Amino acid sequence: MRYPKLRELKEAIKALIKGPYTSKFPYQAHEPYERFRGRPYFHEEDCTGCTACAEVCPTTAIEVEDKVSGGKAKRRLTVHWDICICCGQCELNCLTGKGITLSREFAYATTESKSELKQEIDKEFVTCECCGEPVVPYDQYAWVAKRLGPLCFSNSSLMLFYLKLLGLAFRSKPSTRKKTEVLRQDRIGILCPRCRREAVLKS
Ligand code: SF4
Ligand code: SF4
């Protein structure tokens, strides 16, 4: 007969005094540890819409959808909790560090449909002043402009955006000319990469 080791005996005595290690969930609410990785949530005010989180998500639980309608463009970011594995990569690689964070929620059981297990946020785009194509989400441009400060004057699109942000430049009246036509004077404007190339080549 083999005798239990002293370490195991010690653990058994400790468990007798302290009670079991496991919690009584679901009969009693369970309080996870401080660093527990649970359901992720977007925080709209701290998210720029850059999609870095979607790029690093190993299960493609973060969906990105860009839509243009009625002259306005927006990006929809959706985190699908049903396929999220709570790895924390999105939080770790978030541009602002606060755009998406993992909560300590672990109970996903629901009587709703699977499609309800998600959170969506929308981000408005800055559009090209020539062709109307989306350039970059407004919040991402503002974040980059603020980080760069005066350095953003090396990029004319960003410079103009920054001046508008500071209230020092205003959007010109809509022109009557063909939208897709890029002229030399368009160099001073917020342009998508394609129109920027065309304006530079024409000048
Ligand atoms: S926690 Fe991991 S799996 Fe879940 S959304 Fe973030 S990166 Fe994707
Ligand atoms: S700011 Fe963070 S949460 Fe928002 S899209 Fe970029 S990486 Fe994702």
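Report on the accompanying structure. Here the structure is a predicted model, which is why all the values come from computation and not from measurement. (Residues numbered from 1 in each chain as written. Chains lettered and ligands numbered in written order. Predicted model: local features only at pLDDT ≥ 70, side-chain atom pairs only at ≥ 80, totals over all residues. Heavy atoms only, no water.)

## Re the site of ligand 2
Around ligand 2, the neighbouring residues are Phe42, Cys47, Thr48, Gly49, Cys50, Thr51, Ala52, Cys53, Cys94, Leu95, Gly99 and Ile100. In terms of residue class, the shell around ligand 2 is made up of eight nonpolar, four polar and no charged. (Near = heavy atom within 4 Å. Nonpolar A, V, L, I, M, F, W, Y, C, P; charged D, E, K, R; others polar.)

## Overview of the pairing of strand S2 (residues 62-69)
The side chains of a regular strand alternate, residue by residue, between the two faces of the sheet. The pairing of S2 with strand S3 (residues 72-80) spans eight bridges and is classified as antiparallel. The partner of Glu63 across the bridge, within S3, is Thr78. The hairpin formed by S2 and S3 contains two residues between the paired strands, and Gly70 there has a positive phi angle of roughly 60°. (Pairing = 2+ DSSP bridges. Helix = DSSP H or I, 4+ residues; strand = E, 2+ residues; numbered from the N terminus.)

## Focus on the nonpolar core
Judged by nonpolar contacts, the single largest core of 18 residues is most densely connected at Phe42, Cys53, Ile62, Cys90 and Ile100. Elements that contribute at least two residues to this core include exactly helix H2 (52-56), S3 and strand S4 (100-102). Here Cys90 is in contact with Cys53, Val56, Ile62, Ile100 and Leu102, once residues within four sequence places are set aside. Counting residues in each nonpolar core, the second largest holds eleven residues, with Tyr141, Ala142, Cys152 and Ile190 among its members. (Core = buried A, V, L, I, M, F, W, Y, C linked by side-chain atoms within 4.5 Å. Buried < 20%, exposed > 50% of the residue type's maximum accessible area, 1.4 Å probe, protein only. Contact = heavy atoms within 4.5 Å.)

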